[in-house]
Amino acid sequence: MDYYTEFLKKVEKPERLIPIVSAVLATTLTAYYVKRIMSSSKKVTYNGAEEIPVPDGAMYYLGHIPQMGSVPAQKITEWHKELGPILKVKMGVQDWVFISDPMIAQEIMATQGAITSGRPYLTFGNGISGKGDRGIVFADYSRNWKNARTAVLSILAPKSVAGFDTILQKEAENSINQLMEQTKLHGEVYPLSFIRLSSINIILATAFGLPGLSSPEDPFYKELVNMIETGLKFTSIVGDFSAYFPVLSFLDVIFRKERKMTDFVENVSHPMFRRMIKQALESDQDSLVKKMHLIMEEYEIDERNLVVIMSEVLVAGSDTVAISASWTYAILCHYPEVQKNLADEVDAFINKHKRIPTFEDRLELPYYISVQKECLRYRPPVYFGVPRKASKDVVYKNYIIPEGTVIVTNIHTLHNDSKTFHDADKFIPDRFIQDTRSMYASSNGNVQNRDQFVFGWGRRICPGITLAENELFNSVTRVMARCRIEPTLSENGDKIYPNLVDVNDAGSTVSPLPFKVRFVEREDRVILA
Ligand code: HEM
């Protein structure tokens, strides 16, 4: 928004815009002619290749961006309905290929993964924070990325995550206590900040071996949230517009884009992570940092790379889970009968085993498994995942996806496709009742039987699936054991339910609009706590 604010200040004095507008026009025209000359000379042709369908109305240089509205995935879903499961959209000067069919996604993103596992260049992720091919999330498909990923997987793989069970259970318990306390104190609670606190605490504990923070008011929590939000802003289209509209890159100089990003990285974010890594190494607790430290030399990870990897793990691993849990609570609030079934299932487990279930016991809770999968399907926390880039020309049937094209699976379309999910627009809690596979197993298994698409594909599939699944399991089953999620009440006593229709699309994540609910202690609970 900084850029906009500064831009608007200039708009208030239109005469100051004249040089900018003239430069845009001049550069745009030059770019147009250069591009025409280049595209006529550089075009690679394949005999018999068909054009990938392109929606109408692309504007010169802006492409389809002006048509996309505040939730681009919804527009792309409309285009898929009209043009089929694979289409090409102009994002500024970049070509993005969108895929809405699981079989096609599997073929392109996984089977042909050797040439589709790159990431597009982003000024912040690649040029400034991860410069020198460091990091994991934004790093291009390279030896450095492979080393970083192997190191991260050594602690996020299912067996390693089991070692964090106690921490995960304690955090879930703390979070529920806070949600219930807030409800008692204020009559209602806005759950996202408490859930977010819990998911940040889990990363602090597992990745850094650091103690959890007790409240969203904690200054360090606020620092971390600011760090996460600023990083996300810098990687969004608004924050990095010259990646999409290179002709406007001179505005970066005016708005000091790179300078701001560098200041943030060198003076705020990296120093903070260096401090956290130092604390982690001095702590008695086991952690991802300690494990990484031991294998850094073997995997050629230098000190700056460790800082980048750890900052990306914190960002990738906290908001995604918090938003998934928020959606789950928002949805369950609308379905008291589903809450009742979940509570009955958890109660039956507690009566039988005289303890609360843990993730290891998940097979005894098939209804919970189904409901959680359905919540992720019905309202996924991400629509585009993390975009990929073709590192060579990709051939799919009669189509060619040229080298350098950005490739995205549109989870919004895929989850709303009635060929993949019957009555896709309905919340059907027992949709997955026959399928108790873990999300990890389902995401990595045969695509024909796959029921999870939110974690991506192939070589770059999310390495945090089991941690995410474990966190959600502990939180949701514990909430159901202890309380009911109820709507808030207006002054007249009318019930106010969370909005499940409109979303807050932040680019990398899609969360519910801010909502309040009540976590009301169940009088018929079978645990006392
Ligand atoms: C519900 C929660 C989560 C969702 C929906 C999610 C989703 C995703 C998606 C779609 C990708 C891109 C995959 C691709 O390119 O095909 C990804 C990558 C990644 N995720 Fe997650 N994620 C979640 C939780 C986590 C957690 C808990 C962690 C770690 C603590 C994590 C760490 C990462 C990392 C490091 C990458 C980059 C992998 C790479 O580029 O090789 N994620 N995630």
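Residues numbered from 1 in each chain as written. Predicted model: local features only at pLDDT ≥ 70, side-chain atom pairs only at ≥ 80, totals over all residues. Heavy atoms only, no water.

1. Notes on the coordination of the iron atom of the ligand
Coordination of the iron atom of the ligand by the protein involves just one donor, C462 (SG), at a distance of 2.3 Å. Tracing the backbone through its elements, the reader meets C462 in the loop between α20 (439–444) and α21 (465–482). (Donors = N, O, S within 2.8 Å, 3.2 Å for Na, K, Ca; no water. Helix = DSSP H or I, 4+ residues; strand = E, 2+ residues; numbered from the N terminus.)

2. Focus on the confidence of the model for the chain
Taken over all residues, the pLDDT of the chain has a mean of 87, while the share at 70 or more is 88%. In this model, residues 1–44 is a region of pLDDT below 50 whose contacts with residues beyond four sequence positions or in other chains number 35 contacts. Scored by ipTM, the complex comes to 0.99, with pTM at 0.89. (pLDDT = per-residue confidence, 0-100. Contact = heavy atoms within 4.5 Å.)

3. Digging into the sheet that holds strand β1 (residues 86–91)
Here we have four strands laid out as an open sheet, ordered β1-β2-β6-β3, and mixed in their pairing. Only two strands of the sheet have a single neighbouring strand rather than two, namely β1 and β3 (388–389). Judged from the four bridges that link them, strand β2 (residues 94–99) and strand β6 (residues 406–409) form a sheet pairing that is parallel. By the bridge assignment, V97 is partnered in β6 with I407. Sitting on the sheet, helix α3 (residues 72–83) touches β1 and β2, and the angle it makes with β1 is about 135°. Of the strands in this sheet, β1, β2, β3 and β6 are in contact with helix α4 (residues 102–111), which crosses β6 at around 140°. (Pairing = 2+ DSSP bridges. Axes fitted to C-alpha atoms, helices over the stretch in contact; angles between N-to-C directions.)

4. Regarding the site of the ligand
Near the ligand, the surroundings consist of 27 residues, among which R119, W145, R149, R388 and C462 are the closest. Within the side chain of R119, one N or O atom sits 2.8 Å away from an oxygen atom of the ligand. I136 is positioned with one of its backbone polar atoms (N or O) 3.4 Å from an oxygen atom of the ligand. Among the elements that take part in the shell around the ligand, helix α16 (residues 303–334) stands out by supplying six residues, more than any other. The class makeup of the residues in the shell around the ligand is 17 nonpolar, six polar and four charged. (Near = heavy atom within 4 Å. Polar contact = N/O pair within 3.5 Å; in protein donor to acceptor, adjacent residues only side chain to side chain. Nonpolar A, V, L, I, M, F, W, Y, C, P; charged D, E, K, R; others polar.)

5. Remarks on empty space enclosed by the protein
In this structure the tally under the stated criterion is three cavities of 30 Å³ or more. Surrounding the largest cavity, 18 residues form its lining, S175, I195, S198, E471 and S475 being those nearest its centre. Secondary structure elements with two or more residues in the lining of the largest cavity: α9 (165–186), α10 (192–208), α16 and α21. If one sorts the elements of the lining of the largest cavity by residue count, α9 sits on top with six residues. Along the lines of polarity and charge, the residues of the lining of the largest cavity split into 12 nonpolar, four polar and two charged. A volume near 60 Å³ is recorded for the second largest cavity. Taken together, F359, R362, Y368, I369, Q372, K373, M439, E469 and F473 make up the lining of the second largest cavity. Looking at the lining of the second largest cavity, the elements with two or more residues in it are α18 (366–378) and α21. The greatest single-element share of the lining of the second largest cavity, amounting to four residues, is contributed by α18. Within the lining of the second largest cavity, the residues separate by chemical class into five nonpolar, one polar and three charged. (1 Å grid on protein atoms, 1.4 Å probe; cavity = no way out; pocket = protein on both sides within 12 Å on 5 of 7 lines; lining within 4 Å. Points joined across faces, edges and corners; volume = space filled by probe spheres on them.)

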